[in-house]
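Structure assessment
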Amino acid sequence: MPSWSKLPNMPLMVALLVPEARWAPAPTVVGLIAKVRQYHPAADVNLIRRAFVFAEQHHRPQRRKNGDPYIGHPVAVAHNVAGMKLDEATVCAALLHDVVEDTDATLEDIERVFNREIAHLVDGVTKLNKIRFRSKEERQAENFRKMLVAMSKDIRVILVKLADRTHNMRTLGFMPEHKRVVIARETMDIFAPLANRLGLGAVKIELEDLSFRHLYPDEYQDIRSEVNLRLEERKTYIDGVISDITQIVADAGIHADVSGRPKHFWSIHRKMVRQQIPFSKVYDHMAFRVLVDKQSECYHALGLIHEHWRPIPGRFKDYIALPKPNRYQSLHTTVIGPGGQRIEVQIRTHAMHRIAEAGIAAHWKYKEGDRVAQRDEERYDWLKRMMEWQREFDDPSEFLESVKVELFADEVYTFTPKGELKVMPRGSTPVDFAYAIHSEVGARCSGAIVNGGIVPLTHKLHNGDVVEIITNRNQKPNKDWLRFVKTNRAKNRIKAFIRKEQRARSLELGEQLLDKEFRRYSRSLARAKKLPEFKAYAIANSLSGVEELIVQVGMGNQAAVSVVAAVFPDDVKQRSPKRVQVGASDGVLGRILQKVKGRPGGVVVDGLDGVKHTIAKCCSPVPGESIVGFVTPGHVISVHRKHCVNIVDQDPAREVAVRWGQGGSGYPVAIRVVTETGVTGLLTMMTKVFSDMRLNIDAANCKEAPDGRAENIFNFHCVDLEELNAVVRRLENLRGVYAVERLRG
C-alpha cells in the first residue's frame, strides 16, 4: 500500500482512491481507454485513469504555446502509444512522461503511487535538465546517451519518446522559428532514422514529412501544391490502377487488399535532389500496396503484374528473401503502368504489413507483462552495437555524428562462405566485414577474397558479395585503415589498438627516463616503485597508480626529475645533479631546441617560447585541443593533436611537451560541407558566414558528389576551437546544408 501521507496534493489522493464504479473520468481520457480496450480487453484501465488524474493535477497550471491546457499533450502521446497497441504500463508512462521534467513530482512519487516499472519508463524518457552542460551539443549527446541506455534495457522507452516527438512535431507551428528549425533538424537526424530502425514505417514517414515542412518550407509547399494540383485526376488514376491489380490477381484465384497513394513528400523531394530533376520528371511518385494471405502468393502476384505491365530493369528488390535489419519484408517493383506512367508496387502478406507499419511494437506482448521475445530482440543488434561504442566517445559532437552515421547508413547484404548473412553499411570494406565477424579476425586481416577473386582491403562491398577473410597471425591493425573503414566497430577497435600500442611505448620510454634519473642519485627505479611515496605522488596528480605515472612521464606530461624529488626529497636537496638540458634527460633534444629557438609563436615548447615549430597538416590542431610535439630531422617541432593517429609512428625519444601559448595569428583548418545542389544562393550564404565572422577563405573547392549532393571544402584560419565550432554551427543552420565535418589531413 503506498504511503499516501508522504505525497502532496490531497484532492489528487482522494481521486485516486475512489472506486472505479463511482469514478467519473474526464472526457479526454474516455476515448483513450476505449482505444486500449479494443486490442487489450483485460487491461487495467483504472491504472490508466489514475495516471491521467495524476498528470492532470500536476500539469493543471501549465499551458502549451497555443494556449491549450497542457494535459492535452500527454493524452495525445498516450493515444499515439495506444495506436502502437502497447500495454497499460506504457500508456501510463506516456501520460506521466513530462511530470518529473516539468512539475514538482518526483520519480519516487510515481513509484509509490503506481509501480517501479512505470517509474523506470518515465525516468528513461525524462531529459537531464537538472545538470549543467558546457554546450548544447553536450546536452543533446548526454540526453541521447541516457535514452540509449534506457531503451537497451526496455525498448518501450523509445516507443514513448517517438510518440512524444510525433505529437510535438504536429504542433510545432506554435514555436518560434529558430526553435522549430532546431527541433525539426534533430527529428530528421535522430528520431526519424530511429523509427526506421525499429520498423515503425508510419511513424518514420510522418516525422520526415513534418520535419521537411519546417526545415524547407518553400520546397514543401511546392511539392504539396504539385501533388494537390490535379487531385481529382490523380484519384481517378489511382482508383483505376487499384481496380486493375485487384482484377489481375483475382483472375488467378488470389484475394488481395490493394491500396494506392502518392509517395510522401520527403521521398519525392529527395529523389528530385538526388537526380536533379523537377517534379514533372518524377514519374514514379505513386505507390501501390498489395496485401495477400500467404508468402507464396506474393511471388505469384509479382509474376502476374510483370506479365501485365513491363517492369523497369534494376528496380526489383526482394526484401522477403533478404529482410531489412528492422524485420521489414516486402517485394518492391517498378513497372510502366496505364498511360505509360511509372508506378511502384509493393507486395507483402498482411503479417508482413503489420511489421512494416508497427515494427517492434507489433511484437510487444502485453499479456502478463511479457517482454519482447528474445528472437525479436536479437534482430535489433544495431542497438547493442550502439551501446558498445557509445561509451568510447568523450567528445559530444563526435558521438552524435557517429549516431547519425549508424542510423542513416544504407545497407548492403553480404555473406560469409558458409552463407551467413552480414548486413553492412553501404561503402563498407573487407576490413569492416572482418571486424563484424570478430575483433580478432579484424585485427589479423591481411587480405580478402570476394566472389572468388582477391581484392584490395579498400574494395567496397556490394549486395550479394560472398566475402572470405584471409588472416595472418603476424598482421596488426594499421592506422591507414582508418582512412577507408566505414563501421564504427572497425574504427573504434583500430583506434583502441593504436592507443594501446602508444601506451606500451610510453610505458617503456617512461621507465627508461625514470631509471636514468634515479641512477643520478644512485637509486633504483625497481625499488622506488615499491615505496609508498611513489604511489602517493601518482595519486596527488590525479593518476590511477604507479604504472599510469610512468606512462605520463613517457608521454612528456610528467617530468622525471619531479618524480625523483617527490620520492627522495632529501637526496635531491643534498646532491643536486648537473642541470638537465631542456627537452630530454640526455640533453639531445635540449640542444636541438636551443638551436631552433628564434621566432615568436602560439606554441610553448618545454617552457620555451618562440621555438620554431609547424602545425601538423594530418590533424591541424587549434588552441583548445590537447597537443604533443616531436622534433623532426630538420630540427623543427611538429605539433600534433594528442590523439592523432600519425603520432604512433613517431620516435618517442623525440617527443617534447608542448602547450598553447600567446601570439598565434590563426591556425589552418579545413571543413567539408555537404549540401543540396538545387538551393539557389546557398554558396553565397555559406561564404557570408565566413565574412560575418571576419574570416578569410584561403581556398574553396565545390563539386557535385556521386550521390547527387554537393561537396564543398573550405580552407581557412581560425584562432581556436571555439571559433571553429561557431563556424560549423552557423553553417549547419543554413537551409540546404546536410552535414558539416572537419577534415583532418
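Residues numbered from 1 in each chain as written. Predicted model: local features only at pLDDT ≥ 70, side-chain atom pairs only at ≥ 80, totals over all residues. Heavy atoms only, no water.

1. Side note on the overall build of the chain
Looking only at helices and strands, one finds 31 helices and 21 strands in the chain. Taking all 745 residues of the chain together, 50% fall into the buried category. Considering only intrachain contacts with a sequence separation of at least 6, the fraction spanning at least 24 residues in the chain is 65%. (Helix = DSSP H or I, 4+ residues; strand = E, 2+ residues; numbered from the N terminus. Buried < 20%, exposed > 50% of the residue type's maximum accessible area, 1.4 Å probe, protein only. Contact = heavy atoms within 4.5 Å.)

2. Comments concerning the side chain of T90
Positionally, T90 belongs in helix α5 (residues 88–96). Classification of T90 by relative accessible area gives buried; the value is 0%. Separated by 2.3 Å, the side chains of T90 and D87 make a polar contact. Discounting residues that sit within four places of it in the chain, T90 has contacts with V81, L121, R156 and V160. (Polar contact = N/O pair within 3.5 Å; in protein donor to acceptor, adjacent residues only side chain to side chain.)

3. Examining helix α3 (residues 45–59)
The terminal C-alpha atoms of α3 lie 21 Å apart, and with 15 residues this matches the ideal 21 Å at 1.5 Å per residue to within 8%. Counting buried positions over the 15 residues of α3 gives 14, a clear majority of the element. (Expected span 1.5 Å × (residues − 1).)

4. Comments concerning a positive patch on the surface
A surface patch of positive charge is lined by R270, R274, K317 and R426. Along the chain, K317 falls in strand β3 (residues 317–318). (Patch = residues over 30% accessible without salt bridge, like charges linked within 9 Å, V, L, I, M, F, W, Y side chains within 5 Å. Areas by Shrake-Rupley, 256 points an atom, 1.4 Å probe, with all protein chains shown as cover. Salt bridge = Lys/Arg side-chain N within 4 Å of Asp/Glu carboxyl O. Lys, Arg positive; Asp, Glu negative; His and termini not counted. Charge placed at Lys NZ, Arg CZ, Asp CG, Glu CD.)

5. Quick word on the packing of α5 against helix α8 (residues 116–125)
Axis separation between α5 and α8 bottoms out at 9 Å; the angle between their running directions is 50°. Viewed along their axes, α5 and α8 adopt a mutual orientation that is oblique. Relative to α8, α5 is oriented so that their crossing is right-handed. Contacts between α5 and α8 involve A89, T90, C92, A93 and L96 from the former and E117, I118, L121 and V122 from the latter. (Axes fitted to C-alpha atoms, helices over the stretch in contact; angles between N-to-C directions. Parallel < 35°, antiparallel > 145°, perpendicular 65-115°, else oblique. Left-handed = near helix turned anticlockwise from the far one by under 90°.)

6. Quick look at empty space enclosed by the protein
Counted by the stated rule, this structure contains 5 cavities of 30 Å³ or more. Volume-wise, the second largest cavity comes out at about 50 Å³. Considering the residues around the second largest cavity, the lining is formed by Q502, S506, M555, V628, K642, I647 and E655. Of the residues contributing to the lining of the second largest cavity, the split by class is 3 nonpolar, 2 polar and 2 charged. (1 Å grid on protein atoms, 1.4 Å probe; cavity = no way out; pocket = protein on both sides within 12 Å on 5 of 7 lines; lining within 4 Å. Points joined across faces, edges and corners; volume = space filled by probe spheres on them. Nonpolar A, V, L, I, M, F, W, Y, C, P; charged D, E, K, R; others polar.)

7. Details of the sheet that holds strand β5 (residues 342–349)
Within the open sheet, the 5 strands sit side by side as β1-β2-β5-β4-β3. Their pairing is mixed. Of all strands in the sheet, those with a lone pairing partner are β1 (257–262) and β3, marking the two edges. In this structure, strand β2 (residues 286–292) lies alongside β5, joined through 6 bridges in parallel fashion. By the bridge assignment, L291 is partnered in β5 with R348. In this fold helix α14 (residues 231–250) packs onto β1, β2 and β5, with an angle of close to 155° to the strand it touches most, β1. (Pairing = 2+ DSSP bridges.)

8. Section: the packing of aromatic side chains
One pass over the full model with this rule turns up 10 aromatic pairs. Ring centres of F690 and F714 lie 5.3 Å apart, and the angle between their planes is 45°; on these two criteria the pair is classed as tilted. Note that F690 is positioned in helix α30 (residues 682–692) and F714 in strand β20 (residues 710–718), a separation of 24 residues in sequence. Its relative accessible area of 1% is what places F714 among the buried residues. Take F690: its relative accessible area is 1%, and that puts it in the buried class. The side chain of R64 reaches across the aromatic face of Y70, ending 6.0 Å from its centre. (Phe/Tyr/Trp six-rings, centres within 6.5 Å; stacked < 30°, edge-to-face > 60°. Lys NZ or Arg CZ within 6 Å of the ring centre and 35° of its normal.)

9. Some points on helix α23 (residues 488–519)
Its 32 residues place the ends of α23 46 Å apart at the C-alpha level, agreeing with the 46 Å of an ideal helix rising 1.5 Å per residue. For α23, the full list of buried residues reads N488, A490, N492, I494, I498, S506, L509, G510, L514, E517 and F518.

10. Here we look at the sheet that holds strand β19 (residues 697–704)
With respect to topology, 4 strands assemble into an open sheet ordered β19-β20-β18-β21, the strand pairing being antiparallel. Pairing within the sheet leaves two strands with one partner each, and these edge strands are β19 and β21 (737–743). Going from strand to strand, the sheet's axes swing by 20° on average, the running direction of each strand aside. As paired strands, strand β18 (residues 667–675) and β21 are joined by 6 bridges and run antiparallel to one another. Counterpart to V673 in the pairing with β21 is V740.

11. Observations regarding the nonpolar core
Among the nonpolar cores identified, the biggest contains 72 residues, and L32, L96, I110, F114 and I118 are the most heavily contacted of them. Discounting residues that sit within four places of it in the chain, L96 has contacts with A51, F54, A55, I110, F114, I118 and V122. The next biggest cluster of nonpolar side chains, apart from the first, holds 33 residues, and it includes V656, I671, V689 and V728. (Core = buried A, V, L, I, M, F, W, Y, C linked by side-chain atoms within 4.5 Å.)

12. Details of the packing of helix α10 (residues 156–170) against helix α12 (residues 201–215)
For the pair α10 and α12, the least separation of the axes is 10 Å and the interaxial angle reads 35°. As for the relative orientation of α10 and α12, their crossing is left-handed in sense. When α10 is examined against α12, the residues L162, R165, T166, M169 and R170 are found in contact with a partner set consisting of V203, E206, L207, L210, S211 and H214.

13. A few points about the pattern of salt bridges
Tallying each qualifying case throughout the model produces 21 salt bridges. For the salt bridge of E625 with R742, the shortest nitrogen-to-oxygen distance reads 2.7 Å. Here R742 lies in strand β21 and E625 lies in the loop between β13 (613–615) and β14 (627–631), a separation of 117 residues in the sequence. Per residue, the accessibility class of E625 equals that of R742, and both read buried. Residue K688 pairs with D692 through a salt bridge whose shortest N-O separation is 2.9 Å. Residue K688 and its partner D692 are located together in helix α30, separated by 4 residues, close to a single helical turn. Among the residues examined, D692 registers a relative accessible area of 40% and is labelled partly exposed. Linked by salt bridges that have partners in common, R503, E547 and E548 make up one network.

14. Quick look at the side chain of H214
In this structure, H214 sits in helix α12. Taking the relative accessible area as the measure of exposure, H214 reaches 14% and is therefore buried. Leaving out residues up to four positions away in the same chain, H214 has contacts with M169, L172, G173, R180, V181 and A184.

15. Observations concerning the environment of I494
Assignment of secondary structure puts I494 in helix α23. Since its relative accessible area comes to 0%, I494 is described here as buried. Considering only alpha carbons, one finds I494 and L482, 12 residues apart in sequence, at a separation of 7.3 Å. With residues near it in sequence (within four places) discarded, I494 still touches Y435, P477, N478, W481, L482 and V485.

16. Points about unusual backbone geometry
Residues other than glycine seldom take positive phi values, yet K85 does so here, at roughly 65°. The residue N451 is not glycine, and still its phi comes out positive at about 55°. Inspection of the secondary structure assignment puts N451 in the loop between β8 (445–450) and β9 (453–455).

17. What to know about the environment of Y413
Here Y413 is to be found in strand β6 (residues 411–415). Take Y413: its relative accessible area is 8%, and that puts it in the buried class. Note: C-alpha distance between Y413 and V466 (53 residues apart in sequence) is 9.4 Å.

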